[in-house]
Structure formats: structure tokens, C-alpha cells
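# Geometric and topological summary
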Amino acid sequence: MMDLIAALGLALAVEGILFAAFPDGMRRAMYEAAHSPSDQMRIVGIISAIIGLGVIWLVRQFS
């Protein structure tokens, strides 16, 4: 459970840094995401989840 909370905190920190460093770029990205078809968003979400699980698996294997 502590790993999950730490991961959520890290995700928030990275997102916050991106919004602080590139506010206009993040606004454009959010606009594009809001106007994307649901099927495309679903595919991007699934691919992101698979990549995330792969990263977690690699880190656990080599730590």
C-alpha cells in the first residue's frame, strides 16, 4: 500500500512539474485529449497501462 501511495505522489509531482514548466503545451495537450475520439483515448490508456506495468516489472526484477 505504501508503494501505491508513493507512486501516486510521484505521478502528481511529475504532472505538477509539467504544468509548471510547460503551461501552454499542457493546455494544448489537454485540449487535444478532450477532442479525441473515445476509442483513441481507450487505446492510449491501455498502451500506457501496459508500459507502466512493464516499467514496474523491470524495476522489481533489477532491484
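Residues numbered from 1 in each chain as written. Predicted model: local features only at pLDDT ≥ 70, side-chain atom pairs only at ≥ 80, totals over all residues. Heavy atoms only, no water.

The name given to the protein chain in an unreviewed UniProt entry is DUF2065 domain-containing protein, with Microvirga terrae as the source organism.

Once that is clear, we can look at the UniProt feature "transmembrane region" (unreviewed entry) in the protein chain. Cross-referencing UniProt, the feature "transmembrane region" (unreviewed entry) maps to residues 40-59 in the present numbering. Helix makes up 100% of residues 40-59 and strand 0%, whereas the separation of the span's terminal C-alpha atoms amounts to 29 Å. (UniProt positions renumbered as here; feature names shortened; annotations may be inferred. Helix = DSSP H or I, 4+ residues; strand = E, 2+ residues; numbered from the N terminus.)

Next up on the list: the packing of helix α1 (residues 2-21) against helix α2 (residues 23-34). Contact pair α1 / α2: the axes reach a minimum separation of 5 Å and the direction vectors enclose 110°. Viewed along their axes, α1 and α2 adopt a mutual orientation that is roughly perpendicular. Between α1 and α2, the contacting residues are Leu18, Phe19, Ala20 and Ala21 on the first element and Pro23, Met26 and Met30 on the second. A per-class count over the contact of α1 with α2 returns seven nonpolar, no polar and no charged. (Axes fitted to C-alpha atoms, helices over the stretch in contact; angles between N-to-C directions. Parallel < 35°, antiparallel > 145°, perpendicular 65-115°, else oblique. Contact = heavy atoms within 4.5 Å. Nonpolar A, V, L, I, M, F, W, Y, C, P; charged D, E, K, R; others polar.)

Turning to the pattern of salt bridges, a few remarks are in order. One pass over the full model with this rule turns up three salt bridges. Here Arg60 ties to Asp3 by a salt bridge, and the two come within 2.7 Å at their closest N and O atoms. Here Asp3 lies in helix α1 and Arg60 lies in helix α3 (residues 38-61), a separation of 57 residues in the sequence. No difference in accessibility class separates Arg60 from Asp3, as the two residues are exposed. One salt bridge in this structure joins Arg27 and Asp24, with 3.2 Å as the shortest N-O distance. Separated by three residues within a single helix, Arg27 and Asp24 lie in helix α2, roughly one turn from each other. Looking at Arg27, the relative accessible area reads 55%, which means it is exposed. (Salt bridge = Lys/Arg side-chain N within 4 Å of Asp/Glu carboxyl O. Buried < 20%, exposed > 50% of the residue type's maximum accessible area, 1.4 Å probe, protein only.)

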